[in-house]
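Secondary and tertiary structure notes
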Amino acid sequence: MKDHAMTVLRKHMFDLPDGMIYLDGNSLGPLPRAVPDRVAQAMTGQWGAHLIKGWNLDGWMAQPSRVGDLVGRLIGAQAGSVVMGDTLSIKVYQALSAALQMRPERRVILSDNGNFPTDLYMAEGLIRQLGHGHGLRVVDPEAVADAIADDVAVVMLTQVDYRTGRMHDMKAITERAHKAGAVMIWDLAHSAGAVPVDLAGSGAEFAVGCTYKYLNGGPGAPAFIYVRPDLADQVEPALAGWLGHEAPFAFDLAYRPAPGVERMRVGTPPVLQLTALEAALEVWEGVDMADLRAASVALCETFIAEVEARCPSLTLASPRDPAQRGSQVSFRSEHGYAAMQALIARDVIGDFRAPDIMRFGFTPLYVSEGDVRAAAKIIEEVIDGRLWDRPEYMARQRVT
């Protein structure tokens, strides 16, 4: 553990409040120290000084692809296969609509009940909009492989379950989907920057993800979409945006898709958000994902052992086998919401997911073994002392 921690621990590169143990990077990553100056420079030195000239002088128009390659390195994607922009929900819609067009004779979208709800919502909305008799088949995560039948057009899964951290075998599921003739879409929201991913090796047609979690891009940071390079010139975007056009400034009245993954661009790039993300990704320079994964597993194993020894009333909700778990640990508790609020009040930051899950994320870039042991001790104090049993901790806030 310690050798790996020395390899990847970069706490000095983050602006974290003194005394805080931050175990919620799986929801929102902390602020990298390089970001404020970089964004300020973009605001005054680019937007302020250059105004509209910044699109050419400062490379704003190329940002989505340039930053896409930086993200691509962390998810095992080929150069030029990832582009940034819009929100994850938009990227799910784009990938799913394009995938369904690739299998026009089939009508089933297969997913699981561990998928993030917005992915299922987008599928339901697209089905209603198409009006072609498509259906969404949702099964338990453990039943996905056996549910991939020859009527399935698309398999759409989140690799790491946002609640429990249960992790699908990307290569095995993708191979099963392809054997059945289905198209594969992976949501990497809880994978990118957390676990090693080999998109190129998996053969998956599409992947999407957000960048405000383990990639530390900030609240509202833009999403990404991956299209397998051999398909990128063939997919047909349902959202045919101006910046996905082959020649946006020709102002043609008819849409002509840009070559490659560029056709998956939709709206104007969020320059300031992309600037923040681009600066944040510098934290990853020289980080080996295998080292990061080893450090993450060690932190999670220590946390599970400490919490189970100290708090027998909590029930592990995550897989016990680290090979089947992402970079988070979840425990079930009847009083999970109030207990989490009590922890947050004591500067141990995790979050709660209904109905009863206390969720903790582990990012070895800024979480140490000492942090983990200290957090477990405070959890013991909160649980054993019933410190959660106060009215202010039971009042549900809008964001849990």
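Up top is the structure.
About the thresholds
- Residues numbered from 1 in each chain as written.
- Predicted model: local features only at pLDDT ≥ 70, side-chain atom pairs only at ≥ 80, totals over all residues.
- Heavy atoms only, no water.
- Axes fitted to C-alpha atoms, helices over the stretch in contact; angles between N-to-C directions.
- Helix = DSSP H or I, 4+ residues; strand = E, 2+ residues; numbered from the N terminus.
- Parallel < 35°, antiparallel > 145°, perpendicular 65-115°, else oblique.
- Left-handed = near helix turned anticlockwise from the far one by under 90°.
- Contact = heavy atoms within 4.5 Å.
- Nonpolar A, V, L, I, M, F, W, Y, C, P; charged D, E, K, R; others polar.
- Salt bridge = Lys/Arg side-chain N within 4 Å of Asp/Glu carboxyl O.
- Buried < 20%, exposed > 50% of the residue type's maximum accessible area, 1.4 Å probe, protein only.
- Expected span 1.5 Å × (residues − 1).
- Pairing = 2+ DSSP bridges.
- Phe/Tyr/Trp six-rings, centres within 6.5 Å; stacked < 30°, edge-to-face > 60°.

1. Quick look at the packing of helix 2 (residues 35-50) against helix 10 (residues 271-280)
Close contact between helix 2 and helix 10 brings their axes to 9 Å; oriented N to C, the two are set at 140 degrees. With respect to their mutual orientation, helix 2 and helix 10 come out oblique. Both helix 2 and helix 10 take part in a crossing whose hand is right-handed. Contacts between helix 2 and helix 10 involve Val35, Arg38, Val39, Ala42, Met43 and Trp47 from the first element and Leu272, Thr275, Ala276, Ala279 and Ala280 from the second. The class makeup of the residues in the contact of helix 2 with helix 10 is nine nonpolar, one polar and one charged.

2. Structural notes on the pattern of salt bridges
Overall, the coordinates contain 29 salt bridges when judged by the stated rule. Glutamate 262 serves as the salt-bridge partner of arginine 265, at 3.1 Å between the closest nitrogen and oxygen. For arginine 265, a relative accessible area of 5% translates into the label buried. Ionic contacts of the salt-bridge type, sharing partners, join the residues Glu306, Arg310, Glu369, Arg373 and Glu380 into one network.

3. A closer look at unusual backbone geometry
The residue after alanine 354, namely proline 355, is reached through a cis peptide bond having omega 5 degrees. Position of proline 355 among the secondary structure elements: in the loop between strand 14 (351-353) and strand 15 (357-361). For leucine 51, which is not glycine, the phi torsion reads 50 degrees and is therefore positive. Along the chain, the position of leucine 51 falls in the loop between helix 2 and helix 3 (54-57). Here asparagine 216, not a glycine, exhibits a phi torsion of approximately 60 degrees, which is positive. Assignment of secondary structure puts asparagine 216 in the loop between strand 9 (206-209) and strand 10 (224-227).

4. So, helix 6 (residues 117-130)
Helix length check: helix 6 (14 residues) gives 20 Å between terminal C-alpha atoms against 20 Å at 1.5 Å per residue, within 8%. Every buried residue of helix 6 is accounted for by Thr118, Asp119, Leu120, Ala123, Leu126 and Ile127. Buried residues along helix 6 sit in contact with helix 5 (88-102), strand 5 (108-112), strand 6 (135-139), strand 7 (152-158) and strand 8 (183-187). At the exit of helix 6 stands glycine 131, carrying a positive phi of roughly 65 degrees.

5. Thoughts on the pairing of strand 10
Residues of strand 10 alternate between two faces, with Phe224 and Tyr226 on one and Ile225 and Val227 on the opposite face, all of them buried. In this structure, strand 4 (residues 82-84) lies alongside strand 10, joined through three bridges in antiparallel fashion. Paired with methionine 84 across the bridge in strand 10 is phenylalanine 224. Looking at chain direction, strand 9 and strand 10 are connected through four bridges and run antiparallel. By the bridge assignment for strand 10, phenylalanine 206 is matched with valine 227.

6. Overview of the packing of aromatic side chains
Under the definition given, this model contains eleven aromatic pairs. Between the aromatic rings of phenylalanine 116 and tyrosine 162, the centroid separation amounts to 4.9 Å while the plane-to-plane angle is 80 degrees, which identifies the pairing as edge-to-face. Here tyrosine 162 lies in the loop between strand 7 and helix 8 (170-179) and phenylalanine 116 lies in the loop between strand 5 and helix 6, a separation of 46 residues in the sequence. Take phenylalanine 116: its relative accessible area is 36%, and that puts it in the partly exposed class. Relative accessible area serves as the criterion here: at 12%, tyrosine 162 is assigned to the buried category. Taken together, a centroid distance of 5.1 Å and an interplanar angle of 65 degrees make the contact between tryptophan 242 and phenylalanine 249 edge-to-face. Relative accessible area serves as the criterion here: at 40%, tryptophan 242 is assigned to the partly exposed category. The class of phenylalanine 249 is exposed, set by a relative accessible area of 55%. Members of the aromatic cluster, joined through ring pairs, are Phe303, Phe331, Phe360 and Phe362.

7. Focus: the pairing of strand 9
Every second residue of strand 9 is oriented toward a common face, with Phe206 and Val208 on one face and Ala207 and Gly209 on the other, all of them buried. Sheet topology places strand 8 next to strand 9; three bridges connect them, and they run parallel. Bridge assignment links isoleucine 185 to a residue of strand 9, and that residue is phenylalanine 206.

8. Comments concerning the sheet that holds strand 14
Pairing between the strands of a sheet comes from backbone hydrogen bonds, and it takes one of two forms, parallel or antiparallel. The strand order 11-12-15-14 describes an open sheet built from four strands, whose pairing is antiparallel. The open sheet terminates on both sides in strands that have one partner only, identified here as strand 11 (315-316) and strand 14. Pairing of strand 14 with strand 15 involves three bridges; the strand directions are antiparallel. Its bridge partner being in strand 15, phenylalanine 352 is matched across the sheet by methionine 358.

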